Structure formats: structure tokens, C-alpha cells
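Summary of the model geometry
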Amino acid sequence: MKFAIAVFCAAHAPSSRRALLFARAALAGGHEIVRLFFYQDGVYSASNSVVVPQDEQDIARQWREFVSAHQLDSVVCIAAALRRGVLNEEEAMRYQRSAVNLDAPWELSGLGQLHDAAQAADRLICFGGP
Amino acid sequence: MSTLHVVSHSPFTDSRLDSCLRICGVNDAILLCGDGAYGLHNAALQTKGVKVFVLAEDMQARNLPLPDWADSVDYPGFVQLSLDYDKVNSWL
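Described in the following lines is the structure provided in the data block. (Residues numbered from 1 in each chain as written. Chains lettered and ligands numbered in written order. Predicted model: local features only at pLDDT ≥ 70, side-chain atom pairs only at ≥ 80, totals over all residues.)

A few points about the interface of chain A and chain B
Across the boundary between the two partners, chain A contributes 18 residues, which contact 14 residues of chain B. If you list the elements that add at least two residues to the side of chain A that touches chain B, you get α1 (14-28) and β5 (123-127) of chain A. The class makeup of the residues in the side of chain A that touches chain B is 11 nonpolar, 5 polar and 2 charged. (Contact = placed C-beta atoms within 7 Å. Helix = DSSP H or I, 4+ residues; strand = E, 2+ residues; numbered from the N terminus. Nonpolar A, V, L, I, M, F, W, Y, C, P; charged D, E, K, R; others polar.)

Below is the structure:
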């Protein structure tokens, strides 16, 4: 079966970890993930400038490794990312900002990608809140 | 059309679980996860006749006993549940 997974929470929220474990279990079960979509505070799950205390899990890094290892289509909402200061090189240049904290494997794109993923998938699963 | 309702907010901090129960159909189910697992304390869950599941690790992390009217699932079980029902509605 095909899954689309939307993440609405930052990497430090337990629900981001739940989304990651769900995604791992889906692939392990032989299912396909058509797209991961990071919306609202979910864009922080894709930031590469997150620094985690040594005794805590680095969920942002685990997301990055998971997405890279499985070469998943992972979209970060561009409007949500810009307003939260999560920028790739292109956007940092466009708006003359000094920091770039989003790179591969993530892609900045619009909300239409969530709609498209929901149409293509058998199930859309959203993770957010605590 | 059946729906799996995913509730991760504690029932002691807001009324999401109550709202969810109000709109649950007879073919629907509720999956409690995170602090939502405290919903196991809510006996009203069993009287609605709705199936109740809880994410095992969240129940164990909070040392909650599993009532006989609920079932616990792991992540592969969560994935399977999401396929057993037509839609998944997360109470964000």
C-alpha cells in the first residue's frame, strides 16, 4: 500500500519521533511512502542546524538519515519554512540571509505537493501535537 | 466508511478525546498515543462501543495497565491499523 505522511511538529516533539517510527515500520512492512511532507512547525524536523543535548535522541538527524537511506521524496513547505527561518541556499540568497540550514535530501516546495501526495497515496497519515 | 482516530493529547489538558468520542461512528476506532494514552483512565471509552487501541510503548512509558476493553499495538500494528480503516484522522 502507498502512504503519504505529513509531519506538523518540530523534531523535539514526541510526535515527530512517532512519525519517524511509523515511517520505518511502513517500509519494513513492505509498503511504499509516496511522499513525506513537513508543514508548519514540522519544518524544524528538517533543519540541519538543530543541536540536541548528548543524552537525547537527535530526531532531526535520524529523519535526514532515514530519508537519505531510502531516497524518499521529502518536501518541506516553503511558506512555513521561510517564516520560521528554515532556508536552503537558493532562498537564503534570494532574501539575503546569512544562514542556510536546509540542504539535501530535503526539497522546498508548496502545499500543492501535500494535496498531490494525498491523491497518490492510499492513506494520508498526519503527525502533530504532543 | 470507517475512520481510525489518533489522539495524542492528554484527556486531562483538553477536550479532544471527548469531541472525538462524540463524533465516533460504530465502525470507527480510537488509537491513543503519547499523553493520549492517559485516555485509558476514561471508562466512557468502553461504553461507546468503539474499539480502543493504545500504542504499547506510550502505555508502558506511563506505567498504565491495559484494560480488558482496549488492545495495545506496536508500530507495525499501527501501520496495519491505518490500513484496516478507510481513513486516519489525527486530532492534531
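Looking at unusual backbone geometry
Residues and elements named next belong to chain A. In the segment running from A104 into P105, the intervening peptide bond is cis, with an omega of 10°. With respect to the helices and strands, the residue P105 is situated in the loop between α4 (89-94) and β4 (107-109). Positive phi values are uncommon outside glycine, yet Q96 reaches one of about 50°. Its location among the elements puts Q96 in the loop between α4 and β4.

What to know about the sheet that holds strand β3 (residues 51-55) of chain B
All names here are of chain B. The sheet built from 5 strands is open, its strands ordered β4-β3-β2-β1-β5 with parallel pairing. Strands with a single pairing partner mark the edges of an open sheet, and in this sheet they are β4 (70-73) and β5 (87-91). Recorded for the sheet is a direction-independent mean angle of 25° between the axes of neighbouring strands. In the sheet, β3 pairs with β4 via 4 bridges, with the strands oriented parallel. Note on β4: the bridge partner recorded for F53 is D71. Against the sheet, helix α4 (residues 75-84) contacts β1 (3-7), β2 (29-32), β3, β4 and β5, and its axis sits at roughly 115° relative to β4. (Pairing = 2+ DSSP bridges. Axes fitted to C-alpha atoms, helices over the stretch in contact; angles between N-to-C directions.)

Re the nonpolar core
In terms of nonpolar packing, the biggest core is built from 62 residues, with I5, A6, F38 and V76 of chain A touching the most fellow members. Beyond its immediate chain neighbours, meaning those up to four positions away, V76 of chain A contacts F38, V43, A46, A81, V86, L102, W106, E107 and L108 of chain A. (Core = buried A, V, L, I, M, F, W, Y, C linked by C-beta atoms within 7 Å. Buried ≥ 20, exposed ≤ 12 C-beta atoms within 10 Å, placed from the backbone.)

Topic: the pairing of β1 of chain B
Residue and element names in this part refer to chain B. Of all 5 residues in β1, 4 are buried; the element is thus mostly enclosed. Relative to β2, β1 runs parallel, the two sharing 4 bridges. Within β2, the residue paired with H5 across the bridge is I30. Note on the crossover from β1 through helix α1 (residues 16-23) to β2: the handedness is right-handed. (Right-handed = clockwise from strand over helix to strand, strands pointing away.)

Geometric descriptors of this kind do not, in isolation, establish any biological role.
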